[in-house]
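Below, each chain spelled out in residue letters.
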Amino acid sequence: MKRLFLPLAIGATLLGTNPATAATPDQLLKNTESKVIEWRRHLHQHPELGNREFETAKYIEKHLQSLGLEVENGVAHTGVIGLLKGGKPGPTVALRADMDALPVTEQVDLPFASRVKSSYQGKDVGVMHACGHDTHVAMLMGAAEVLAGMRGELAGNVLFIFQPAEEGAPDGEEGGAALMLKEGLFRKYKPDVAFGQHVTSNLPSGVIGYRPGPSMASSDEFRITVDGRQTHGSRPWGGVDPITVAAQIVMGTQTIVSRQIDITKEPAVVSFGKIDGGVRNNIIPDSVFMNGTIRNFDMDNRRQIFEKLKITAENIAESAGAKATVQIIEGYPVLSNDPQLTEASLPALRAAAGEQRVMEIPKITGAEDFAYFANEVPGFYYWLGVTPNGKDAATAASNHSPRFYVDESALKIGTRAITQLTLDYMASHKVL
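In this convention, every chain numbers its residues from 1, walking through the sequence in written order. Local features in this predicted model are restricted to residues whose pLDDT is 70 or higher, and side-chain atom pairs enter the listing and the counts only when it is 80 or higher, whereas totals over whole chains, interfaces and linings include all residues. Only hydrogens and water are set aside when side-chain values are computed; all heavy atoms of the structure are taken into account.

**Q** I'm lost on the pattern of salt bridges in this one. Help?
**A** Any Lys or Arg side-chain nitrogen found within 4 Å of a carboxyl oxygen on Asp or Glu counts as a salt bridge. Per the stated rule, a full pass over the model turns up 25 salt bridges. Among the salt bridges present, the one from Lys58 reaches Glu55, with a minimum N-O distance of 3.4 Å. Placement of the pair is Lys58 and Glu55 together in helix 2 (residues 54-66), with a separation of three residues, close to one helical turn. Here the salt bridges do not stand alone but share partners, grouping Lys265, Asp298, Asp300, Arg303 and Glu307 into one network. For helices the rule is a DSSP run of H or I covering at least 4 residues; for strands it is a run of E covering at least 2, with both sets numbered from the N terminus onward.

**Q** I would appreciate a short explanation of the nonpolar core in the present structure.
**A** One broad rule of soluble globular proteins: the nonpolar side chains tend to lie buried together. Only buried residues count toward a nonpolar core. Its members are Ala, Val, Leu, Ile, Met, Phe, Trp, Tyr and Cys residues joined through side-chain atoms within 4.5 Å. Using a 1.4 Å probe on the protein chains alone, a residue whose accessible area is under 20% of its type maximum counts as buried, one over 50% counts as exposed, and one in between counts as partly exposed. If you look at the biggest cluster of nonpolar residues, it comprises 67 residues, and the most contacted ones within it are Phe160, Phe162 and Phe195. Among the elements that make up this core, the one with the highest residue count is helix 3 (residues 133-148) (10 residues). Note on definitions: a residue-residue contact is assigned when non-hydrogen atoms from the two residues lie within 4.5 Å. With residues up to four places along the chain from it excluded, the contact list for Phe195 reads Val93, Ala94, Leu95, Arg96, Leu341, Ser345, Phe370, Phe380, Ile418, Leu421 and Tyr425. Ranked by size, the runner-up nonpolar core spans 27 residues in total, among them Ala76, Leu159, Leu179 and Leu185.

**Q** What is the right way to read the environment of Arg259 from this model?
**A** Note that Arg259 resides in helix 6 (residues 242-260). Taking the C-alpha atoms as reference, Arg259 lies 24 Å from Ile329; in sequence the two are 70 residues apart.

**Q** Whenever I open this one, the confidence of the model for the chain confuses me. Can you help?
**A** A residue's pLDDT is simply how confident the predictor is in it, with values from 0 to 100. A residue-level look at the chain finds 95% of positions with pLDDT of 70 or above and a mean pLDDT of 94. Every residue in residues 1-21 is under pLDDT 50, and counting partners more than four places away or in other chains gives 47 contacts.

**Q** Explanation requested: the packing of aromatic side chains in the structure shown.
**A** What characterises a pair of aromatic rings is the spacing of the ring centres plus the angle enclosed by the ring planes. Between 30 and 60 degrees the pair is tilted, below 30 it is stacked and above 60 it is edge-to-face, where a pair is any two Phe, Tyr or Trp rings, Trp via its six-membered ring, whose centres lie within 6.5 Å. Tallied over the full model, the rule gives eight aromatic pairs. Their ring planes at 75° and their centres at 6.3 Å tell us that Phe195 and Tyr425 sit as a pair that is edge-to-face. Placement of the pair is Phe195 in strand 8 (residues 193-204) and Tyr425 in helix 10 (residues 411-428), with a sequence separation of 230 residues. Each of the two residues, Phe195 as well as Tyr425, counts as buried. Here the aromatic rings of Phe380 and Tyr382 are separated by 5.5 Å at their centres, their planes lie at 25°, and the arrangement is stacked.

**Q** I tried to follow the sheet that holds strand 15 (residues 287-296) on my own but got confused; where do I start?
**A** What holds strands together in a sheet is hydrogen bonding between their backbones, with the strands either parallel or antiparallel. A strand pair is defined by DSSP finding two or more bridges across the two strands. One open sheet holds the four strands; their spatial order is 13-15-11-16, and the pairing between them is antiparallel. Two strands bound the open sheet, and with one partner strand each, they are strand 13 (268-276) and strand 16 (323-329). Across the sheet, the mean angle separating the axes of adjacent strands is 20° when strand polarity is ignored. Here strand 13 pairs with strand 15 via eight bridges, running antiparallel. The residue of strand 15 that forms the bridge with Phe272 is Gly292. For helices, the fitted axis covers only the stretch in contact; all axes are lines through C-alpha atoms, and the angles between them, taken along N-to-C directions, range from 0 to 180 degrees. Against the sheet, helix 6 makes contact with strand 11 (218-227), strand 13, strand 15 and strand 16, and its axis sits at roughly 170° relative to strand 13, the strand it touches most. On top of the sheet, helix 7 (residues 299-319) reaches strand 11, strand 13, strand 15 and strand 16; it is set at about 160° to strand 16, its chief contact.

**Q** Explain the packing of helix 1 (residues 25-45) against helix 2 to me, please; I cannot follow it from the model alone.
**A** Relative orientation and spacing of two packed helices are given, respectively, by the angle between their axes and the distance between those axes. Helix 2 packs onto helix 1 with a crossing angle of 160° between their chain directions and a minimal axis gap of 11 Å. As the angle between them shows, helix 1 and helix 2 are arranged roughly antiparallel. Here helix 1 and helix 2 pass one another in a crossing that is right-handed. Taken together, the residues of helix 2 that come into contact with helix 1 (itself represented by Trp39, His42 and Leu43) are Thr56, Tyr59 and His63. Three classes are used: nonpolar for Ala, Val, Leu, Ile, Met, Phe, Trp, Tyr, Cys and Pro, charged for Asp, Glu, Lys and Arg, and polar for all others, with Gly counted as polar. Here the residues of the contact of helix 1 with helix 2 are counted per class, giving three nonpolar, three polar and no charged. Orientation labels follow simple angle bins: below 35 degrees gives roughly parallel, above 145 gives roughly antiparallel, 65 to 115 gives roughly perpendicular, and whatever is left gives oblique. The handedness criterion is simple: a crossing whose near helix is rotated anticlockwise from the far helix by less than a right angle is left-handed, and one whose near helix is rotated clockwise is right-handed.

**Q** Is there a simple way to explain the pairing of strand 15 in this structure?
**A** Regular strands show a simple pattern: their side chains alternate between the two faces of the sheet. Here strand 11 runs beside strand 15; their pairing, made up of 10 bridges, is antiparallel. Along strand 15, the bridge assignment pairs Asp227 with Ser287.

**Q** Looking at this structure, I do not really get the side chain of Gln163. What am I missing?
**A** Among the secondary structure elements, Gln163 is positioned in strand 7 (residues 155-163). Note on Gln163: relative accessible area 0%, which makes it buried. Apart from the residues within four sequence positions on either side, Gln163 is in contact with Arg96, Ala97, Asp98, Met99, Gly176, Ala177, Met180, Asp369 and Phe373.

**Q** Any chance you could explain the sheet that holds strand 2 (residues 70-75) here in plain terms?
**A** Judged by pairing direction, the sheet is mixed, and its eight strands sit side by side in the order 2-3-7-4-8-19-9-18 without closing on themselves. Two strands in the sheet have a free side with no partner beyond their single neighbour: strand 2 and strand 18 (358-360). Each strand of the sheet is rotated relative to its neighbour by a mean of 25°, with strand direction disregarded. As paired elements, strand 4 (residues 88-98) and strand 7 share eight bridges and run parallel to each other. Of the residues in strand 7, the one forming a bridge with Arg96 is Ile161.

**Q** Just to check I follow, could you spell out the environment of Gly50 for this structure?
**A** Looking at the secondary structure, you find Gly50 in the loop between helix 1 and helix 2. The sequence separation of Gly50 and Pro164 amounts to 114 residues, and the corresponding C-alpha distance is 5.9 Å. Excluding its chain neighbours within four sequence positions, the residues that come into contact with Gly50 are Asp100, Ala101, Ala165 and Pro170.

**Q** Even after reading the chapter, I still don't get the pairing of strand 3 (residues 79-85), so can you show me in this structure?
**A** Most of strand 3 is tucked away, with six of its seven residues classed as buried. In sequence, strand 2 turns back onto strand 3 through a hairpin of three residues, with Ala76 there showing a positive phi of about 55°. Where strand 3 meets strand 7, six bridges bridge the pair, whose relative direction is antiparallel. Following the sheet pairing, Leu84 is matched in strand 7 by Val158.

**Q** Help me out: how do you make sense of helix 2 in this one?
**A** Since the α-helix advances by 3.6 residues per turn, residues separated by three or four positions end up pointing in the same direction. Here, expected helix span is obtained from the residue count minus one, scaled by 1.5 Å. With 13 residues, helix 2 ought to run about 18 Å at 1.5 Å a step, and its terminal C-alpha atoms sit 19 Å apart, in line with that. Buried within helix 2 we find Thr56, Ala57, Ile60, Glu61, His63 and Leu64. For helix 2, the angular spread of the buried residues around the axis is 165°, confining them to a single face. Opposite the packed face of helix 2, turned more than 90 degrees from it, sit the exposed residues Lys62 and Ser66. Buried-residue contacts for helix 2 involve helix 1, strand 2, strand 3, helix 3 and strand 7. Positive phi appears at Gly68, one or two residues downstream of helix 2, with a value of about 80°. The directions from the helix axis to the C-beta atoms are what the arc is built from.

See the structure below:
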């Protein structure tokens, strides 16, 4: 099998054999621009939380079926898969969009603002696409329409992955990319490569940010329970004070990153977000509960931090006559972009956004479960700015804010980018 490495221009004619009548990718993209905005507004007005994206899934499924794709639903609870088979042999390219919204009450004055209410962890909450997943779905629906219009000339297959629960499954449930893979998604469809994109308020509208190698952090939760022995606050020697021990653990664990991990390899952080203990000012309690997060960009460092956190907490507690029980709940792994795929993808991004509007950006300590896909096949994940021109992206309402705002003019660039990445990859991996 011999492969050709030939980049494809966005305006190339790929439909039919008569250049005078054939559609081009550029023409097909222009035809989808207003549709993508319409789809996005519908989805924004009807958000659904993770593993509960039932109507969202039906909306996507109907569109993919109208394009003649092979459609599979109910993947990882509510996920939708569309397979587009090209007319020529070639690789299978996976394109992913996440579908779920957040328990956030919208504060943006839009005619299509969300007024949806739901229940989250036993509380009544508003529901909003405060992270832009509505735009991801709409742009991928647009790319599906463009690529389906070119199927006869596509050198390979396209696997459209509409993924639920990227923000995390409800307590006690599995979900997201990890569950999709566990159920055999990649074993069944065998993609050669995976692409994903995410909108951000941290970049101006239409600007694309990328980073080769470790790009987004792993995200892990830890829970520490310190058991002492209750006593009166006037007689601390009569018991074992878990509050003092907890304070020592907080300070002691800060030396894990600053003194015990090789941070010349990759940065990391250990943060406590919750400490709960005691009921009265003059009673030293029996126990204290602490909760926090670990963020890091190297999987070996991640393992070391787990080990050292446990040892540090247990030994500090033991030295005071208390006991520390440490539980680590592993979350998303490090999202690492394949360096070669990243470099090969830049011409497509520049063709979509403009030569000067594609830039390398710093590491992001947020986490993304696209990392699971990128651990299975070469992956490339990038960011699309959506802060309107004239507004400072550095001070714009961030993703997950109730005031998160999307400049919809950026969506045509995102649709073009994910389409161009697919065409370029197929063109460079043609089979003779």
